Amino acid sequence: MKPLFKWAGAKNKMKDKYRPYFWPNKKIDLFVDAFYGAGTVTHWAADHYPNAKFIINDRNKELITFYRNLRDNPDEMIGYLKELESNYLAIHHKDLEKRAEYYEDKRLTYVYDYDKLNTVEESAYLHFMMRISFNGWWKVYEFANGRYSTCRGTLTEKNSFINYRLLKETSEFFNDRVTSISNTDFAEIEFDRGDNVYVYCDPPYRESYGYEYKEGEFNDDDQKRLCDFMLECHNNGCAVSMSNREVGDGFWSKHIPDMEVLLFDAKYTASHGPTLINAKEVLIRNFESEQSALESLFG
C-alpha cells in the first residue's frame, strides 16, 4: 500500500535513511501509530510485520471520519467520488476558470453546507479536494469554520486522478488488520502496553508548522507530554520511537535523556514558496535495531 494523498511532513523521503535504525530487534504483534496522518509509516510497518495488528490515531476529526467511512462504506464512497471526478474531468483541462469554479463550489459546500451531505458523501468531498488541492498542505482559513479549505492546485488533470483500487485495498487493510481508528490526544489512545508492542510518534515538529496545526497549537508543553508518554510506554515494555526536529537547545537530552537520538539531514519546503530549508531531523528510540539475517548468523 501507499498513502491515498499527498501529505506535508510525510516520511517517504526518510524511508531509506531510517531503514537500518527503525525496526526493533524483537517480535512485534501490535503497531500503534499515534499521529497517523496519511499513514506512510504504518504502510511500511504493514509490509514489515505481515502478521501484526494496528491501532491508528489522529486528532484530526475530519481525517479520521474519512478513514472510518472508507473502512465501513467503501463502495458508497467510491460511488460519490466517481461522480465528482467525472463531472470535473468533463470540463476541458484548459478551461481553468470553469474547473476553478467547480472546485470552489465543492469547497464552499464542504465548508458551509456540509450538513446537506451525508457523512460518507462529506468524506468523498474531502478526498476529492485533497487529490487536486495545493501540494498536500492541510490548510484551515478563518473563513472556513475550522474545516479543511486548502486552495486548488493546477487543475490540469487530463485523466482519472483517484486511485480506486488503492481505496479498496486501504479499506480492506482497515477491516483486516486495524483494531482501532481513534480520534484522540496521543496520551488517551487505548491499548495494552507490553513487550511485543511498537509505538511510533510523528507529531508536529518543534519550530515547524503546517498540517492543521498553527503556531502554539502543539507547543513545547505538548512535546514534553509526548516525551512523558514515550517514557510511560517504555517503562511498560513497549518499543517506542519518535520523529521530530533538532533545533539545538538540548530539549531531547533534558526531557527524554535515556533514549537514543539519531540525527539526519533533511530539507523542508518553505510554506510560502519553493525555497528549500536545510534542517536536522531526529529519530528518537529506546531499542536496538533489528539484526539482519547475516548479523544473526555471525552474532
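Residues numbered from 1 in each chain as written. Predicted model: local features only at pLDDT ≥ 70, side-chain atom pairs only at ≥ 80, totals over all residues. Heavy atoms only, no water.

Visitor: I'd like a rundown of the overall build of the chain, residues and numbers included.
Guide: Counting its regular elements, the chain contains ten helices and seven strands. Long-range pairs, those at least 24 residues apart, make up 74% of the contacts in the chain between residues at least 6 apart in sequence. (Helix = DSSP H or I, 4+ residues; strand = E, 2+ residues; numbered from the N terminus. Contact = heavy atoms within 4.5 Å.)

Visitor: Any details on a nonpolar patch on the surface? Residues and values, ideally.
Guide: Together, Leu-108, Tyr-112, Tyr-141 and Phe-143 give the surface a local cluster of nonpolar side chains, amounting to about 340 Å² of exposed area. Tracing the sequence through the fold places Phe-143 in the loop between α6 (119–132) and α7 (164–177). (Patch = residues over 30% accessible without salt bridge, like charges linked within 9 Å, V, L, I, M, F, W, Y side chains within 5 Å. Areas by Shrake-Rupley, 256 points an atom, 1.4 Å probe, with all protein chains shown as cover. Salt bridge = Lys/Arg side-chain N within 4 Å of Asp/Glu carboxyl O.)

Visitor: Can you explain the side chain of Gln-223? Please cite residues and give values.
Guide: As for its placement among the helices and strands, Gln-223 is situated in helix α8 (residues 220–235). Here the side chain of Gln-223 touches Pro-204 through a polar contact of 2.9 Å, landing on its backbone oxygen. Setting aside chain neighbours within four positions, we find Gln-223 in contact with Pro-203, Pro-204, Tyr-205, Arg-206, Phe-218, Asn-244, Phe-251 and Trp-252. (Polar contact = N/O pair within 3.5 Å; in protein donor to acceptor, adjacent residues only side chain to side chain.)

Visitor: Explain the pattern of salt bridges to me, using residue names and the numbers behind them.
Guide: According to the stated counting rule, one finds 18 salt bridges in the structure shown. The partner of Asp-105 in a salt bridge is Lys-106, and the shortest N-O contact between them spans 3.4 Å. Accessibility expressed as a relative area gives 40% for Asp-105, which makes it partly exposed. On the basis of relative accessibility, which here comes to 12%, the residue Lys-106 falls in the buried class. Connected through salt bridges with shared partners, the residues Asp-185, Asp-222 and Arg-225 form a single ionic network. (Buried < 20%, exposed > 50% of the residue type's maximum accessible area, 1.4 Å probe, protein only.)

Visitor: Any details on the environment of Gly-146? Residues and values, ideally.
Guide: Assignment of secondary structure puts Gly-146 in the loop between α6 and α7. For Gly-146, the contacting residues outside a window of four places in its chain are Glu-62 and Val-140.

Visitor: Tell me what's going on with the packing of aromatic side chains, and back it up with residues and numbers.
Guide: Evaluation of the coordinates by the stated rule reveals 33 aromatic pairs. With a centroid separation of 5.4 Å and an interplanar angle of 85 degrees, the aromatic rings of Trp-23 and Tyr-49 are classed as edge-to-face. With Trp-23 in the loop between α1 (15–18) and β1 (30–33) and Tyr-49 in the loop between α2 (40–48) and β2 (53–57), this residue pair connects regions lying 26 residues apart in the sequence. The positively charged end of Arg-206 is found above the aromatic ring belonging to Phe-251, 4.0 Å away from the centroid. (Phe/Tyr/Trp six-rings, centres within 6.5 Å; stacked < 30°, edge-to-face > 60°. Lys NZ or Arg CZ within 6 Å of the ring centre and 35° of its normal.)

Visitor: Any details on the side chain of Asp-58? Residues and values, ideally.
Guide: With respect to the secondary-structure elements, Asp-58 resides in the loop between β2 and α3 (61–72). Arg-59 provides the closest opposite charge to the buried, salt-bridge-free Asp-58, at an N-O distance of 6.5 Å. (Lys, Arg positive; Asp, Glu negative; His and termini not counted.)

Visitor: Please set out α2 residue by residue, giving values where relevant.
Guide: For α2, the buried fraction is high: seven of the nine residues fall into the buried class. Of all the positions in α2, only Thr-40, Val-41, Thr-42, His-43, Trp-44, Ala-45 and Ala-46 are classed as buried.

Visitor: Please set out the environment of Ala-46 residue by residue, giving values where relevant.
Guide: With respect to the secondary-structure elements, Ala-46 resides in helix α2. Taking relative accessible area as the criterion, Ala-46 reaches 10% and is therefore assigned buried. Setting aside residues no more than four positions away along its own chain, Ala-46 makes contact with Phe-54, Phe-173 and Arg-177.

Visitor: Explain unusual backbone geometry to me, using residue names and the numbers behind them.
Guide: Located in the positive-phi region is Asn-145, a residue other than glycine, with phi close to 55 degrees. Relative to the helices and strands, Asn-145 is located in the loop between α6 and α7. One non-glycine residue, Leu-155, lies in positive phi territory at about 65 degrees. Examined against the element boundaries, Leu-155 turns out to sit in the loop between α6 and α7.

Visitor: I'd like to hear about α8, residue by residue, with values.
Guide: Because an α-helix packs 3.6 residues into every turn, residues spaced three or four apart end up facing the same way. The terminal C-alpha atoms of α8 lie 22 Å apart, and with 16 residues this matches the ideal 22 Å at 1.5 Å per residue to within 8%. For α8, the full list of buried residues reads Asp-222, Gln-223, Leu-226, Cys-227, Phe-229, Met-230 and Cys-233. Axial view of α8: buried residues confined to an arc of 160 degrees, hence all on one face. Exposed side of α8, more than 90 degrees from the buried face: Asp-221 and Asn-235 are the residues found there. The backbone nitrogen of Asp-221 lies 3.0 Å from a side-chain oxygen of the residue at the head of α8, namely Asn-219. Once α8 finishes, Gly-237 follows within two positions and takes phi at roughly 95 degrees, a positive value. (Expected span 1.5 Å × (residues − 1). Arc of directions from axis to C-beta.)

Visitor: I'd like to hear about the nonpolar core, residue by residue, with values.
Guide: Grouped together as the largest cluster of nonpolar side chains are 62 residues, with contacts concentrated most on Tyr-67 and Phe-128. Take this core: its biggest share by element is eight residues, from α6. Discounting residues that sit within four places of it in the chain, Tyr-67 has contacts with Leu-4, Phe-5, Tyr-36, Gly-37, Ala-38, Phe-174 and Ile-181. With 26 residues, the next largest nonpolar core counts Ala-34, Ile-189, Phe-229 and Trp-252 among its residues. (Core = buried A, V, L, I, M, F, W, Y, C linked by side-chain atoms within 4.5 Å.)

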